[in-house]
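# Inside the fold
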Amino acid sequence: MSNRVYIFDTTLRDGEQSPGVSLNINEKLQIARQLARLGVDILEAGFPITSHGDFAAVQAVAREVRGVTVAGLARANFKDIDCAWEALRDAEQPRIHTFIATSDIHLQYKLRKNRDQVVEAAVAAVRHARKYTSDVEFSAEDASRSDVDYLARVFGEVIKAGATVINIPDTVGYAMPDEFARFIKQVMEKTPGIEKVVVSVHCHDDLGLAVANSLAAVGAGARQVEGTVNGIGERAGNAALEEVVMGLYTRQDLYRLTTGFNTREIYRTSRLVSSLTGMPVQPNKAVVGKNAFAHESGIHQDGVLKERTTYEIMNPELVGIAASNLVLGKHSGRHAFRDRLAELGYNLSDEELNLAFARFKALADKKKEITDDDLQALVEDEIRHIPDTYTLEYFHISSGSTVVPTATVGLRVGEERQEDAACGDGPVDAIYKAVDKITGISCTLVNYAINAITGGTDALGDVTVKLKCSGQEKIYTGRGVSTDILEASAKAYVNAVNKLIYDRS
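Right, let's walk through the structure included here. Just so it is clear, the model here is predicted, and its values are computed rather than measured.

## Some details on helix H9 (residues 241–250)
With respect to burial, H9 is a largely interior element, 7 of its 10 residues being buried. Taken as a whole, H9 has its buried residues at Leu 241, Glu 242, Val 244, Val 245, Met 246, Gly 247 and Leu 248. On the buried face of H9, the contacting elements are strand E1 (6–9), helix H8 (210–220), strand E8 (224–227), helix H10 (252–255) and helix H11 (266–277).

Right, here's the structure in full:
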């Protein structure tokens, strides 16, 4: 049994299935490139048959991202598999990931098939996928609630048909760690040919046990773990890959297993995924939460000052959280700015650098000290841009406890400035209504969130909005960063509107 655990990232597929998350092709490519830098082994780019957009995104990732296996999901039917291959065919290392449910409850109520029919469909799907690629993964949906003997029969048949990876999902997050470990061992013991394939697990977090179940499965012999960055995904989400990897790393005394993760890219990846999906990371989130390495208790502070390991089992620098930030200011030059960005992992084109440097100088005039967190927010905000139809040029606010909040907004459209004014329940609402009047698009604000990126009264405010257009179900996420909360709010809303317009074009 290998001591290498393969990491299968499904942030772009299962993660995007989180309610309220919708990523465009450019955003998926940014995340995919960062996942490659993070060192995931397999990157599931999407479910190509579901939409033209998902097909195009999988195709773009397959064509542009190298050094990683790119997978596409397909149900156990030929049409799905053909579509997946069309999207994946230009990948350096393509994998078709096909699945069908195996639990009796799914067979009876969802598939309306008997056990023999499911075995037949699974085998046919794997054989068909093998016509395109030698790397075929088969998943038994709802495996943890399936009969062990029947599951072993299904796996044995698909292995004979050519499957190279066998995935055992806890699809509804029902399993308990000890139970799941025993289940994995039983399946492996009863499945003929299991030694020829990689055994994988895909755990959901409905009972808060996805990471625990994943680690228990690894201890029982699984050598691939599937999950997402920050644990996002359907319902309560998936196993958080950063937690799985750091669990294996921190407790090498127990597991004696390795991964290919570049752990120093964990925090940056977490920030990028949070920003683009509009799903904030909870402060007490393990590994990447802002409180993960914070110490409030005097006893804890005293212990850490004397010896860090008294209360920290991980070095924050190991996951990419800088112990100290190099401070840049308004007198810093372009060379120092470029070098610091390179140290943070950003290699910008000359055009992107010029835009980012101009924003840096503008920020430095407002803020005394620019930290690494400020730079990351500024650069990510710059390089994420889709072509802007509208650009925020100015806004004026009249507001107070005894007046009706009123906003006048000016947006730049090409060489033309368009202006309008509106009243609202508050200054932010007034700004958004004025933007709606200018664009002629009626939007509903689904979610509004604000975070302070750094400390102090001059901290950068990071605003994320989610909105949808009347008559549409798709949700668009926008983000704005500024030391002025109203400006950040306006930029976030305009960013989301631009995405909506871009999606229509």
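## Observations concerning the pairing of strand E7 (residues 198–203)
Counting buried residues in E7 gives 5 out of 6 residues, a clear majority hidden from the surface. Sheet topology note: the strand E6 (residues 165–170)/E7 ladder contains 6 bridges and is parallel. The residue of E7 that forms the bridge with Ile 168 is Val 201. For the crossover from E7 across H8 to E8, the handedness is right-handed.

## Describing the packing of aromatic side chains
Tallied over the full model, the rule gives 8 aromatic pairs. Taking 6.2 Å as the distance between ring centres and 75° as the angle between the ring planes, the aromatic pair formed by Phe 47 and Phe 99 counts as edge-to-face. Note that Phe 47 is positioned in the loop between strand E2 (42–46) and helix H2 (52–64) and Phe 99 in strand E4 (residues 94–101), a separation of 52 residues in sequence. Residue classification places Phe 47 among the buried positions, given a relative accessible area of 14%. Cluster of aromatic residues (ring-pair linked, three or more members): Phe 337, Phe 357 and Phe 360. The ring of Tyr 150 has Arg 115 sitting right over it, with the charged end atom 4.7 Å from the ring centre.

## Structural notes on the sheet that holds E1
Across a sheet, strands are paired by hydrogen bonds formed along the backbone, either parallel or antiparallel in direction. The sheet built from 8 strands closes into a barrel, its strands ordered E1-E2-E3-E4-E5-E6-E7-E8 with parallel pairing. Taken over all neighbouring pairs, the strand axes of this sheet differ in orientation by 25° on average, direction set aside. Relative to E6, strand E5 (residues 136–141) runs parallel, the two sharing 3 bridges. Within E6, the position partnered with Phe 138 by the bridge is Ile 166.

## Thoughts on the pairing of strand E11 (residues 416–423)
Inspection of the sheet shows strand E10 (residues 403–413) paired to E11 by 8 bridges, in the antiparallel sense. Along E11, the bridge assignment pairs Gly 410 with Glu 419. A loop of 2 residues connects E10 with E11, the two strands running antiparallel in sequence, and Gly 414 in this loop sits at a positive phi of about 65°.

## Some details on the environment of Ile 501
Mapping Ile 501 onto the fold places it in helix H17 (residues 485–504). Taking C-alpha positions, Ile 501 is 43 Å from Val 5, a pair spaced 496 residues apart along the chain. If sequence neighbours within four positions are ignored, Ile 501 has contacts with Thr 389, Tyr 390 and Ile 441.

## Brief notes about a nonpolar patch on the surface
A contiguous nonpolar patch, built from Leu 445, Tyr 448, Ile 450 and Ile 485 and spanning about 300 Å² of accessible area, is present on the exposed surface. Ranked by the residues each element gives to the nonpolar patch, the list is headed by strand E12 (residues 443–452), at 3 residues. Position of Ile 485 relative to the elements: it lies in helix H17.

## Structural notes on helix H14 (residues 350–366)
Helical periodicity: at 3.6 residues per turn, an α-helix aligns residues three or four positions apart in one direction. For H14, built from 17 residues, the straight-helix expectation of 24 Å at 1.5 Å per residue is met to within 8% by its first-to-last C-alpha distance of 25 Å. Looking at H14, one finds that the buried residues are Leu 353, Ala 356, Phe 357, Phe 360, Leu 363 and Ala 364. Summarising the axial view, the buried residues of H14 lie within an arc of 125°, below the 170-degree limit, and thus occupy one face. Looking at H14, the residues exposed on the side facing more than 90 degrees away from the buried face are Glu 351, Asp 365 and Lys 366.

## Description of the nonpolar core
One finds Leu 43, Phe 138, Phe 155 and Val 158 to be the most contacted residues of the largest nonpolar core, which totals 98 residues. Look past the residues within four positions of Leu 43 in its chain and what remains in contact with it is Asp 9, Leu 12, Ala 32, Leu 35, Val 61, Val 68, Thr 69, Val 70 and Ala 71. Formed by 29 residues, the second largest nonpolar core is a distinct cluster that contains Phe 395, Val 465, Ala 490 and Ile 501.

## Some thoughts on the sheet that holds E10
Spatial strand order, E9-E10-E11: 3 strands in an open sheet with antiparallel pairing. Strands with a single pairing partner mark the edges of an open sheet, and in this sheet they are strand E9 (391–400) and E11. On average, adjacent strands in this sheet sit at an angle of 10° to one another, irrespective of strand direction. Running over the sheet, H17 touches E9 and E10 and is turned about 130° from E9.

Conventions and cut-offs
Residues numbered from 1 in each chain as written. Predicted model: local features only at pLDDT ≥ 70, side-chain atom pairs only at ≥ 80, totals over all residues. Heavy atoms only, no water. Buried < 20%, exposed > 50% of the residue type's maximum accessible area, 1.4 Å probe, protein only. Helix = DSSP H or I, 4+ residues; strand = E, 2+ residues; numbered from the N terminus. Contact = heavy atoms within 4.5 Å. Pairing = 2+ DSSP bridges. Right-handed = clockwise from strand over helix to strand, strands pointing away. Phe/Tyr/Trp six-rings, centres within 6.5 Å; stacked < 30°, edge-to-face > 60°. Lys NZ or Arg CZ within 6 Å of the ring centre and 35° of its normal. Axes fitted to C-alpha atoms, helices over the stretch in contact; angles between N-to-C directions. Patch = residues over 30% accessible without salt bridge, like charges linked within 9 Å, V, L, I, M, F, W, Y side chains within 5 Å. Areas by Shrake-Rupley, 256 points an atom, 1.4 Å probe, with all protein chains shown as cover. Salt bridge = Lys/Arg side-chain N within 4 Å of Asp/Glu carboxyl O. Expected span 1.5 Å × (residues − 1). Arc of directions from axis to C-beta. Core = buried A, V, L, I, M, F, W, Y, C linked by side-chain atoms within 4.5 Å.

Function cannot be inferred from these measures alone, as they are strictly geometric.
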